[in-house]
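Notes for the structure review
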Amino acid sequence: MKYSASSVWENKDEYDIAVVGAGHAGCEAALAAARLGFRTVIFTVSVDSIALMPCNPNIGGSSKGHLVREVDALGGEMGKVIDRTFIQSKMLNSSKGPAVHSLRAQADKADYSRTMRQVLEEQEHLDIRQMEVTDILAEDGRVTGVQTYSGAIYRCRAVVLCTGTYLKARCIYGDISTYTGPNGLQSANYLTDSLKKLGVRMYRFKTGTPARIDRNSIDFSRMEEQKGDERVIPFSFTTDPEDVQIDQVSCWLTYTNKKTHEIIRQNLDRSPLFSGAIEGTGPRYCPSIEDKVVKFPNKDRHQVFIEPEGLHTTEMYVGGMSSSLPEDVQYAMYRSVPGLENARIVRNAYAIEYDCIDARQLKNTLEFKDIEGLFSGGQFNGSSGYEEAAAQGLIAGINAARKLQGKEGVVIDRSQGYIGVLIDDLVTKENHEPYRMMTSRAEYRLLLRQDNADLRLTKLGYEIGLISEERYQRLLEKERLIKRETERAEHTNIGTSEKVQKLLASFGSTPLTSGTTIAELIRRPELSYEKLAPIDEKRPELPYDVKEQVDINIKYDGYIKRQMRQVEQFRKLEKKKIPDAIDYDEIQSLRIEARQKLKQIRPSSIGQASRIAGVSPADISVLLVYLGSK
Amino acid sequence: MKKDTIAAISTGMTNSGIGIVRISGEDAFSVADRVYRGSRILSGEPSHTIHYGHIADGDDIIDEVLVMAMRAPRTFTGEDTVEINCHGGTYVVSRVLETVLKNGARAAEPGEFTKRAFLNGKMDLSQAEAVIDVITSQNEYALKSSLSQLKGSLRNKIKDIRNKIIYHTAFIESALDDPEHISVDGYGETLRRASIEIMDDLKELIRSADDGKVMKEGIQTVIVGKPNAGKSSLLNVLSGHERAIVTDIEGTTRDALEEQIRLQGLTLNVIDTAGIRRTEDIIEQMGVDKAKEYAREADLVVYVVDASRELDENDDKILELIYDKKTIILLNKSDLKTVLGEEDVRKKLKEIFELNGKSFTPVPMIGISAKEEQGIREFEETVKSMFLKGSLSFNEEVYITNARQKSALSDALESMEKVVGSIDAGMPEDFYSIDLMDAYESLGSITGEAIGEDLVNEIFSKFCMGK
């Protein structure tokens, strides 16, 4: 058969779901969709850049580690892949309360990418396609497919956009700029216009990355060595802890100094950020070194972390010194840092600008309010970070699948997980910079710990269909053990025997004057479940993770109960749904500002409405009464 | 934690009769049990019964009361409700309310009883609009009164405290979010010192609240008139009269003099304003603007007219400002040769009403001589009768706002005590922020500021995060 010159290849019914972009969001979205049984195609501008880590070489960190564990508890992939490809791991904040403990692992970047790519390649129902998507096809407010640069049309019933930092991307340092995505990869220059035509509001954000330096040019004797933890804890609840006790590599700590800052100050006028050549909004939490020097003039030095990019490369990441200064200034600046005097730059530091959306156009299922079947996740939604991306990608993928299953979308609320806080913030609050997860954003963080992510979310993952029966049964067993042992500790009496008093004294704890329970002793700050083992004679043999939960549950009981009461209040308002068809103009008593905001954001519940800036408690009362009268 | 059982004074704030404090919500009975001393425990009593006893704040007996115990759903709000009938007197009723708030209830939002009644299905659907109106109008009023109550110095004091709290919280949080760049080790001692200072400041504020410096009761009364009409002499006469209590209230603006006066059993907060006239002088203009603002917010306006001079355009301006307020017009200087009679003023007033398309309502007018202290008794009687007829009322919202402010201060203090408690108990640093933010939120409810993105913004602006 001969095709006419103008014909395009049209793929009518091969796929149910198309995922655009194969970064950390796209991978989770595609895997979830395929695992739920839908024929899925994932598009990427380069198959070699699947699950690329174009910035820092680590996964996790404060609050981000929580996200990875939640993704894992729901049946996502990130935790499993990093457990197989990390080269150093640390539990951050381990001297603080359990709510802020957070895992952070250094990744072998190339290995991470390759491993994730392999998972994708071997996933049933999932096809990888190297091609730039240029258009989202929609009819009557419903997505019908995508079109690629070649003109080919892929019909499908749901699309998940995970374009990361690639839309109209531009990389800049000094007066040099290239119209590419990260690492010189091809940018996607057409999709923005297609989205605008569909009425999507776009923002332009900015972020940046430091230089990569050749390890052989670094004098490590002038730096402090930073080793990993002696006992590594895996990210995934499915990983056997024994499998992650590997030989770890070190990171290195050094500092900038007055000379570095002097070089930067003298050349500020050559920075595109200060000259106005960059229009995008940069993140405040991840400032370039020139931002730090300007904003904190009284600090004589800033930390610089030298981190390996992998085992099979000499490239080292210079954490803390991202920049968009010109190349010559970069050389001078890096070489002013102790240990980097002879540094050879492999890749320059650069800033990158890209298009993303105002995520308030999304429902909290991550579906566009005005375009049915179109979902999105990751930096495209205005967030930053691999972990934030993965979390959204997973939810977007799950909900795209559920849409086709005819089921209600999954929404994790703020009291169930950091994922809920992340998505609720993105779709509710005005956001002028790439959004980063932080523990201080979680109101109920005492409940949302990384250690109990499985207890919080695995049941949901099972209901969704991403958690195996076996894993689910294991979770139920864990729950049972925790409950039983907590009750036993509450009811096990401890007398004032000499053995007891001696043990207490050995931990500097006040001796007992009368009998008490094991639980009461655990609540003493200087004691713990583990420390009391010698005097707790009937204690059963239990796995570490069960003992950990028993300890935390008992020790922080008062605080935990307090937060649970707050959660009850919170849920009351979340449960009060606002119908899609509500006409805010009909409610005259709303203040004008509130009415405008409500019309724009169209919150799904009274709870969400109450979190919109500009909506007052009185407006909420008015809404409640109005809804009550309907 | 946001308490879900609410309380408020549900009667007008008069100095006579009975005052009722209403408590509604799931914990109404347990709150009442904590403050009520009677022969039996209230929560064990059947619904819709009345009990005699006392209200006590700890060991301190506040009032002899009758208490009505009513269980859901047959109550006004549809929730468990306890009503405490006090002996009245604004001071006693407010003390009872404060005690209730200290013991687990929170101050009701404006219109909240009505709102709950509606949401619990105790009202007809057609009443929804009316309920919404009540909520919005009362909110506007409460906001207005709470802001006007909150004088600059107090507001600044609270803001200072909030700034300190958010700074410390942000430091802790930035260290938790970026432990490799910022260390919070050993910060407990610093925070402990800061917390003690903050607690001292809060205690001072609560004390001054008790002194009535923060919270004022009474009818907001403003004296207006042209310069030299005799406003200040009137105020002097009033405050020197009877058993007048004159308090210098701190923080009042320099351009207006404010005094609290007891008059025939009523309390008046009297503000003497700068004379209103057209002026080119900027400083004086500011005083005049202020006077206009006071007049707008007042419960009662006393317009002093100089009867020895003709009405002029300045009088027009004043009448324009006050014609639709509760007003008493005093024709002063009856001791001098008067050129102006009641009829002249009434005629002018009618014109103003017509100009504004409103129908004329008569305004009480009294001839006085502030200098000779003539006509003062008549003025007092007029105020009193306006009050008794109900055309003039204490704004109970002001009261409730005050109670709310005070209980917010106490809540903040309690949260700060918990911070110190956590430090002393050797809890990890992340636990401090929970109570710090509670204190921050409580104080914000006084100044009308929500938390929003404050913490995140503070972290980014004050501390250098990594990457």
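Calculation criteria
Residues numbered from 1 in each chain as written. Chains lettered and ligands numbered in written order. Predicted model: local features only at pLDDT ≥ 70, side-chain atom pairs only at ≥ 80, totals over all residues. Helix = DSSP H or I, 4+ residues; strand = E, 2+ residues; numbered from the N terminus. Rg over C-alpha atoms; globule rule 2.2 N^0.38 Å. Buried ≥ 20, exposed ≤ 12 C-beta atoms within 10 Å, placed from the backbone. Contact = placed C-beta atoms within 7 Å. Nonpolar A, V, L, I, M, F, W, Y, C, P; charged D, E, K, R; others polar. Core = buried A, V, L, I, M, F, W, Y, C linked by C-beta atoms within 7 Å. Domains from an automatic or database assignment. Pairing = 2+ DSSP bridges. Axes fitted to C-alpha atoms, helices over the stretch in contact; angles between N-to-C directions. Expected span 1.5 Å × (residues − 1). Parallel < 35°, antiparallel > 145°, perpendicular 65-115°, else oblique. Left-handed = near helix turned anticlockwise from the far one by under 90°. pLDDT = per-residue confidence, 0-100.

Notes on the overall build of chain A
When you go through chain A residue by residue, the secondary structure sums to 20 helices and 23 strands. Over its C-alpha trace chain A gives a radius of gyration of 26 Å, about what one expects of a compact globule, namely 25 Å for 630 residues. Considering chain A as a whole, with its 630 residues, one finds that 52% of them fall into the buried category.

Some thoughts on the overall build of chain B
The secondary structure content of chain B amounts to 14 helices and 13 strands. When contacts within chain B are restricted to residue pairs at least 6 apart in sequence, long-range pairs at least 24 apart make up 71% of them.

What about the interface of chain B and chain A?
Each partner contributes residues to the interface: chain B has 39 residues there, and chain A has 41 residues. Residue assignment for the side of chain B that touches chain A shows that the elements contributing at least two residues are α3 (112–119), α4 (128–149), α5 (152–177), α13 (430–447) and α14 (454–462) of chain B. Class assignment of the residues belonging to the side of chain B that touches chain A gives a composition of 21 nonpolar, six polar and 12 charged.

Examining the nonpolar core
Judged by nonpolar contacts, the single largest core of 182 residues is most densely connected at Ile 17, Ala 18, Val 19, Ala 33, Val 159 and Val 160 of chain A. Setting aside anything within four residues of it in sequence, one finds Ala 18 of chain A in contact with Val 41, Phe 43, Val 146, Tyr 154, Cys 156 and Val 159 of chain A.

Examining the domain arrangement of chain A
Assigned domains within chain A: domain 1 (9–208 + 354–464), domain 2 (212–350), domain 3 (479–561) and domain 4 (576–629). Taken over C-alpha atoms, the centre of domain 2 of chain A sits 44 Å from the centre of domain 3 of chain A.

Looking at the sheet that holds strand β10 (residues 153–155) of chain A
Residue and element names in this part refer to chain A. Read across the open sheet, the four strands follow the order β1-β10-β9-β8; overall the sheet is mixed. Because the sheet does not close on itself, it has two edges, and the strands there are β1 (10–11) and β8 (133–139). Pairing between strand β9 (residues 142–148) and β10: three bridges, direction antiparallel. Bridging from a neighbouring strand, Gly 145 pairs with Arg 155 of β10.

With respect to the pairing of strand β16 (residues 251–255) of chain A
On a regular strand, one side chain projects to one face of the sheet and the next to the other, so that they alternate. All names here are of chain A. In terms of strand pairing, strand β15 (residues 224–226) meets β16 through three bridges, oriented antiparallel. Among the inter-strand pairings, Gln 226 is bridged to a residue of β16, identified as Cys 251. As judged from the four bridges shared by β16 and strand β17 (residues 303–308), these two strands associate in the antiparallel manner. By the bridge assignment, Trp 252 is partnered in β17 with Ile 306.

Observations concerning the sheet that holds strand β7 (residues 126–130) of chain A
Residue and element names in this part refer to chain A. Taken in spatial order, the five strands line up as β7-β3-β2-β11-β21 in an open sheet, and their pairing is parallel. In the strand order of this sheet, the two ends are held by β7 and β21 (374–376), each with one partner. This sheet shows a mean twist of 20° between the axes of neighbouring strands, independent of strand direction. Pairing of strand β2 (residues 17–20) with strand β3 (residues 40–44) involves four bridges; the strand directions are parallel. Across the sheet, residue Val 20 finds its bridge partner in β3, namely Phe 43.

Description of α13 of chain B
All names here are of chain B. The end-to-end C-alpha separation of α13 is 27 Å, in line with the 26 Å expected for 18 residues at 1.5 Å each. Summarising burial for α13: 16 of the 18 residues are buried, a large majority. Looking at the residues trailing α13, positive phi occurs at Gly 448, about 75°.

Some details on the packing of helix α13 (residues 469–491) of chain A against helix α16 (residues 544–555) of chain A
All names here are of chain A. Taken N-terminus to C-terminus, the directions of α13 and α16 make an angle of 50°; their axes are 9 Å apart at the nearest point. Judged on the interaxial angle alone, α16 and α13 are oblique. When the axes of α13 and α16 are compared, the crossing they make is right-handed. For the pair α13 and α16, contact is made by Lys 478, Leu 481, Ile 482, Glu 485, Thr 486 and Ala 489 and by Asp 545, Val 546, Gln 549, Val 550, Asn 553 and Ile 554, respectively. Here the contact of α13 with α16 is composed, by residue class, of six nonpolar, three polar and three charged.

Let's talk about unusual backbone geometry
Residue Ala 72 of chain B is joined to Pro 73 of chain B through a cis peptide bond whose omega torsion reads 0°. Secondary-structure assignment places Pro 73 of chain B in the loop between β5 (60–70) and β6 (81–86). If you check the backbone angles, Asp 140 of chain A has positive phi at about 50° while not being a glycine. As for its placement among the helices and strands, Asp 140 of chain A is situated in the loop between β8 and β9.

Some remarks on the packing of helix α1 (residues 24–35) of chain A against helix α10 (residues 386–405) of chain A
Residues and elements named next belong to chain A. At a closest axis distance of 7 Å, the pairing of α1 and α10 adopts a crossing angle of 30°. One way to sum up the angle between α1 and α10 is to call them roughly parallel. Two packed elements cross with a definite hand, and for α1 against α10 that hand is right-handed. Contacts from His 24, Ala 25, Gly 26, Cys 27, Glu 28, Ala 29, Ala 30, Ala 32 and Ala 33 of α1 reach α10 at Tyr 386, Ala 389, Ala 390, Gln 392, Gly 393, Leu 394, Ala 396, Gly 397, Ile 398, Ala 400 and Ala 401.

Focus: the environment of Ser 616 of chain A
Residues and elements named next belong to chain A. You can see Ser 616 is positioned in the loop between α19 (606–610) and α20 (617–628). Each C-alpha atom, one on Ser 616 and one on Asp 536, is 53 Å from the other, the two residues being 80 residues apart in sequence. The contact partners of Ser 616, leaving out residues within four places of it in the chain, are Arg 591 and Ala 594.

Remarks on the pairing of strand β4 (residues 49–57) of chain B
Residue and element names in this part refer to chain B. One ladder, built from three bridges, connects strand β3 (residues 36–38) with β4; its direction is antiparallel. What sits directly across from Arg 37, in β4, is His 54. In the sheet, β4 pairs with β5 via nine bridges, with the strands oriented antiparallel. Pairing of Ile 55 across the sheet is with Asp 63, part of β5. Hairpin remark: β4 followed by β5, antiparallel, with two residues in the connecting loop; positive phi at Gly 58, about 65°.

Topic: the environment of His 125 of chain A
Residues and elements named next belong to chain A. Assignment of secondary structure puts His 125 in the loop between α4 (109–122) and β7. A C-alpha to C-alpha distance of 34 Å links His 125 and Ile 352, two positions 227 residues apart in sequence. When sequence neighbours within four positions are dropped, the list of residues in contact with His 125 reads Ala 34, Gly 37, Phe 38, Arg 39 and Thr 40.

With respect to the confidence of the model for chain B
Residue and element names in this part refer to chain B. Confidence in the prediction of chain B, expressed as mean pLDDT, is 78, and 75% of residues score 70 or more. Here residues 241–256 is modelled with pLDDT under 50, and outside its nearest four sequence neighbours on either side it reaches 34 contacts, counting other chains as well. Our summary of model confidence lists the complex with pTM equal to 0.79 and ipTM equal to 0.87.

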